[in-house]
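Coordinates in review
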Amino acid sequence: MELKSNQVRLMMLQVADAIIVAEPMLSQADRDLGDGDHGLGMKRGMEAVKAQLEPMEPTSVEQVFVTTGTAMMTSMGGASGALFGTVYRAGGKALAGREFFDAEGLALLLEAALEGVMKRGGAKPGDKTMIDALAPAAAKARESVGISLTAALTAVAAAAESGKEASKAMIAQFGRAKTLGEACLGFPDAGACSVVIMLSTMRDFATCGN
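Summarised in this report is the structure supplied together with it. For clarity, every value in this text was computed on a predicted model and none was experimentally measured.

This next bit is on the overall build of the protein. Helix and strand counts for the protein stand at 9 helices and 0 strands. When the helices and strands of the protein are listed from N to C terminus, the series reads α-α-α-α-α-α-α-α-α. Taken over C-alpha atoms, the radius of gyration comes to 16 Å for the protein, in line with the 17 Å a tight globule of 210 residues would show. If one aligns the C-alpha atoms of the protein with their principal axes, the spans along those axes are about 45 × 35 × 30 Å. Carbon and sulfur atoms form 53% of the exposed surface of the protein, whose accessible area is close to 8600 Å².

Structure below.
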């Protein structure tokens, strides 16, 4: 299975809706670690994404993802806007010239996203950030090249979920949560929660045979 550019647009609109609905959960996840604005920021970013994607007639897969990232970056502000904007801008640019979104495209997207986020934010796996979901997802995507997009997304979403769960046992090295020390144990990183929602929604979209 592979998605054409307009199917990718519809998929990202579904992702946006899922994040918007999850705002209360994401806000609580952030409050558990001493902050609390992540959910509202993600909701604002995804509302901007919808405003850009709903009227769009995309000419490429790259355009859909880069537009998503730009909308998030310009509407959210702060660290989350820069980092999640980078996920889709860097990931989208890695798909330049590709006519379809398939398992190989997924690997290219997530690898470029991971590299971009690590470079921009300075975090690494184990620091209790979104990278703890994104890194295992990217690794699983590379392993999944050659299988169907649906199967690849299923494996990638599961890897992200495992990474998010593993972040509960980590002590935060970034943001306000860094001041909590061991008090942040037992809670997942909010950014990792957002990564899981995004990839799980992509999986669901592909599974439904869109």
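From this point, the narrative continues.
Glancing now at unusual backbone geometry. Even without a glycine there, the phi angle at Lys 128 is positive, about 65°. Among the structural elements, Lys 128 can be located in the loop between helix 6 (103–121) and helix 7 (131–143).

Once that is clear, we can look at the pattern of salt bridges. Going through the model one piece at a time under the given rule, you end up with 11 salt bridges. Measuring nitrogen to oxygen at the nearest pair gives 2.8 Å for the salt bridge that ties Arg 142 to Glu 111. Residue Arg 142 is located in helix 7, and its partner Glu 111 is located in helix 6; the two are separated by 31 residues in the primary sequence. Across the salt bridge formed by Glu 161 and Lys 164, the nearest N and O atoms sit 3.3 Å from each other. Of the two residues, Glu 161 and Lys 164 both sit in helix 8 (residues 149–166), 3 residues apart, roughly one turn of that helix. Connected via shared salt-bridge partners are Glu 161, Lys 164, Glu 165 and Lys 168.

About the thresholds
Residues numbered from 1 in each chain as written. Predicted model: local features only at pLDDT ≥ 70, side-chain atom pairs only at ≥ 80, totals over all residues. Heavy atoms only, no water. Helix = DSSP H or I, 4+ residues; strand = E, 2+ residues; numbered from the N terminus. Rg over C-alpha atoms; globule rule 2.2 N^0.38 Å. Areas by Shrake-Rupley, 256 points an atom, 1.4 Å probe, with all protein chains shown as cover. Salt bridge = Lys/Arg side-chain N within 4 Å of Asp/Glu carboxyl O.

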